[in-house]
Amino acid sequence: MTLSNCDEIIELIPAFVLGALDAHEAAHVATHVAACSRCRAEAESFRDVVGLLPYAAGSLDPPPHVKRQLLARIAAASENAVAYPVQQPQRSTARIFLTGRWFAAALALMLALIVGLGAATFEARGRADQLAAELATSRQMLRAMEAQVAEIRRAAQTVEAQLTATQRELDETRTQLAASQRELQEVRALAGTDVQLVSFIVAPQTVSQLLGTTKHAPKEASARMFMQPGHNRLVLLIYGLKSAEPGKVYRLWLAKGDQAIAIGTVAVGPDGVAEFVVDAPEPMDAYDQVMITLDEVDTAARPSEEVIFEASL
Ligand SMILES: [Zn+2]
């Protein structure tokens, strides 16, 4: 094949650079461009423009029918553009009519871009749809997890509340148990005291003595003491005595000569009764006087003037 007309080749260059020619046409243009510096410069400058466009970088290889459609569209667009008032040069052999090579280049580029962008857009849209679907799934999972977390938190709060309630009940039970144990000990102590008291009182060697009342004693008050010769134990039964006022106590004293020893305090019950069992430091025979005084709580060094009961032994 002889060298073609340059104008004809130039018209094909945009499609050539975009790889939109069939093999025969491409070979035809390539042969001409290799030999013709003018058309080569044209092809190179056009390739530079194409190179600026990432979508037209040549990675796209549309099938032959797309190429044909593309060329047909270029041709159709060119025919429409014939009315464009630019003076056409003589181009009797040109297969397609163009108003100018840049117009053709722009059209070809635009179409290539549409194809490329279309594919890219389609691909991007597909990816976007996929991402959106994944996002929706993730959101659903997140919402489900949030719901589960909320439920677990609620359950934990309930358990915690129950635990607190149980702990409180346990504490209350412990307190009650401690109180019961204390009461039990008191009852046991009382029972023990009563047994000791009764067995001491009814023993054949026991002697009893009524204590004298003073002007400080209530009219109906009485006190009787029980003891055994050569024995340290002293049992007192008191009736008709009022409970001591706050800050005061009934105190038992044993005197030897002019020396009085505080033996203990006597608690009077609400019924006015006091039972008192005590072991003195020495056998009861060692003492020559007994008395019960109403004292200030903290004055155990010597008996107060307010003597309620007294007796010589
Ligand atoms: Zn040429």
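Note that the coordinates shown come from a computational prediction; the quantities given were computed from them, not determined experimentally.

**Q** Teacher, can you tell me more about the overall build of the protein chain here?
**A** The helix and strand tally for the protein chain stands at five helices and nine strands. Reading the protein chain from its N terminus to its C terminus gives the helix and strand order α-α-α-α-α-β-β-β-β-β-β-β-β-β. For the protein chain, the computed accessible surface area is about 20,200 Å², with 57% contributed by carbon and sulfur atoms.

**Q** Explanation requested: the coordination of the zinc ion in the structure shown.
**A** In a perfect tetrahedron of four donors around a metal, the angles come out at 109.5 degrees. In a perfect octahedron of six, they are 90 or 180 degrees. Binding of the zinc ion to the protein goes through Cys6 (SG), His32 (NE2), Cys36 (SG) and Cys39 (SG), at separations of 1.9 to 2.4 Å. Angles of 95 to 121° at the metal separate the four donor atoms of the zinc ion, which places the site in the tetrahedral class.

**Q** It is not clear to me how the pairing of strand 5 (residues 248–256) should be interpreted in this structure. Could you clarify?
**A** On a regular strand, each side chain points to the face opposite its neighbour's, so the side chains alternate between the two faces of the sheet. Among the nine residues that make up strand 5, seven are buried, leaving the element largely enclosed by the rest of the structure. Bridge count for strand 5 against strand 8 (residues 289–296) is eight bridges, and the pairing is antiparallel. When the sheet's bridge partners are listed, leucine 252 is paired in strand 8 with isoleucine 292. Looking at chain direction, strand 5 and strand 6 (residues 259–266) are connected through seven bridges and run antiparallel. Residue pairing for strand 6: leucine 252 is matched across the bridge by glycine 264. In this structure, the hairpin formed by strand 5 and strand 6 is closed by a connection of two residues, where glycine 257 is found at a positive phi of approximately 65°.

**Q** Would you explain the sheet that holds strand 1 (residues 207–210) in this entry?
**A** The strands that make up a sheet are held in pairs by hydrogen bonds between backbone atoms, and each pair lies either parallel or antiparallel. Taken in spatial order, the four strands line up as 1-3-4-7 in an open sheet, and their pairing is antiparallel. At either end of the open sheet lies a strand with only one pairing partner, and these are strand 1 and strand 7 (274–279). Each adjacent strand pair in this sheet contributes to an overall mean axis angle of 20°, direction not counted. As paired elements, strand 3 (residues 222–227) and strand 4 (residues 233–239) share six bridges and run antiparallel to each other. Looking at strand 4, one finds that alanine 223 is bridged to isoleucine 238.

**Q** Would you take a moment to explain the sheet that holds strand 5 for this structure?
**A** The strand order across the open sheet built from five strands is 2-9-8-5-6, with neighbouring strands paired in antiparallel fashion. Edge strands, defined here as strands with exactly one partner in the open sheet, are strand 2 (212–213) and strand 6.

**Q** Help me understand the pattern of salt bridges, please; the structure alone is not making it clear to me.
**A** Opposite charge on two side chains permits them to pair, given that their charged atoms come into close proximity. As enumerated under the stated definition, the model contains six salt bridges in all. With a closest N to O distance of 3.1 Å, arginine 251 and aspartate 295 form a salt bridge. Taken together, the residues arginine 251 in strand 5 and aspartate 295 in strand 8 connect sequence positions 44 residues apart. The buried category is assigned to arginine 251, whose relative accessible area is 5%.

**Q** For this particular structure, what's the right way to read the side chain of arginine 251?
**A** Separated by 2.9 Å, the side chain of arginine 251 and the backbone oxygen of valine 297 make a polar contact. Among residues more than four places away in sequence, those in contact with arginine 251 are Ala262, Gly264, Thr265, Met291, Ile292, Thr293, Asp295, Glu296, Val297, Thr299 and Ala300.

**Q** Would you mind showing me how to read the nonpolar core here?
**A** Of all hydrophobic cores here, the largest spans 28 residues; its most connected members are Leu211, Leu252 and Phe309. Put simply, the parts of the chain that give this core at least two residues each are strand 3, strand 4, strand 5, strand 6, strand 7, strand 8 and strand 9 (307–312). With sequence-adjacent residues up to four places away left out, phenylalanine 309 is seen in contact with Leu211, Gly212, Thr213, Ala221, Ser222, Ala223, Ile238, Leu241, Val290, Met291 and Ile292.

**Q** For this particular structure, what's the right way to read helix 1 (residues 6–17)?
**A** With twelve residues, helix 1 extends 16 Å from end C-alpha to end C-alpha; this agrees with the ideal 16 Å at 1.5 Å per step. All of the buried residues along helix 1 are Cys6, Ile9, Ile10, Glu11, Leu12, Ile13, Pro14, Ala15, Phe16 and Val17. Where helix 1 begins, one side-chain oxygen reaches toward the backbone nitrogen of aspartate 7, 2.7 Å away; that side chain belongs to asparagine 5. Looking at the residues trailing helix 1, positive phi occurs at glycine 19, about 75°.

**Q** Looking at this structure, I do not really get the packing of helix 1 against helix 2 (residues 23–35). What am I missing?
**A** If you want to describe how two helices pack, look at the angle between their axes and the distance between the axes. In contact at an axis separation of 10 Å, helix 1 and helix 2 are set at 120° when each is read in the N-to-C sense. When the axes of helix 1 and helix 2 are compared, the pair comes out oblique. Crossing hand, helix 1 versus helix 2: left-handed. Of helix 2, the residues touching helix 1 (which contributes Cys6, Glu8, Ile9, Leu12, Ile13 and Phe16) are Ala26, His28, Val29, Ala30, His32 and Val33. Within the contact of helix 1 with helix 2, the residues separate by chemical class into nine nonpolar, two polar and one charged.

Reading the values: rules and limits
- Residues numbered from 1 in each chain as written.
- Predicted model: local features only at pLDDT ≥ 70, side-chain atom pairs only at ≥ 80, totals over all residues.
- Heavy atoms only, no water.
- Helix = DSSP H or I, 4+ residues; strand = E, 2+ residues; numbered from the N terminus.
- Areas by Shrake-Rupley, 256 points an atom, 1.4 Å probe, with all protein chains shown as cover.
- Donors = N, O, S within 2.8 Å, 3.2 Å for Na, K, Ca; no water.
- Tetrahedral: all angles 85-135°; square planar, octahedral: opposite > 155°, others 65-115°.
- Buried < 20%, exposed > 50% of the residue type's maximum accessible area, 1.4 Å probe, protein only.
- Pairing = 2+ DSSP bridges.
- Axes fitted to C-alpha atoms, helices over the stretch in contact; angles between N-to-C directions.
- Salt bridge = Lys/Arg side-chain N within 4 Å of Asp/Glu carboxyl O.
- Polar contact = N/O pair within 3.5 Å; in protein donor to acceptor, adjacent residues only side chain to side chain.
- Contact = heavy atoms within 4.5 Å.
- Core = buried A, V, L, I, M, F, W, Y, C linked by side-chain atoms within 4.5 Å.
- Expected span 1.5 Å × (residues − 1).
- Parallel < 35°, antiparallel > 145°, perpendicular 65-115°, else oblique.
- Left-handed = near helix turned anticlockwise from the far one by under 90°.
- Nonpolar A, V, L, I, M, F, W, Y, C, P; charged D, E, K, R; others polar.

Without other data, these values stay purely geometric and don't point to any function.
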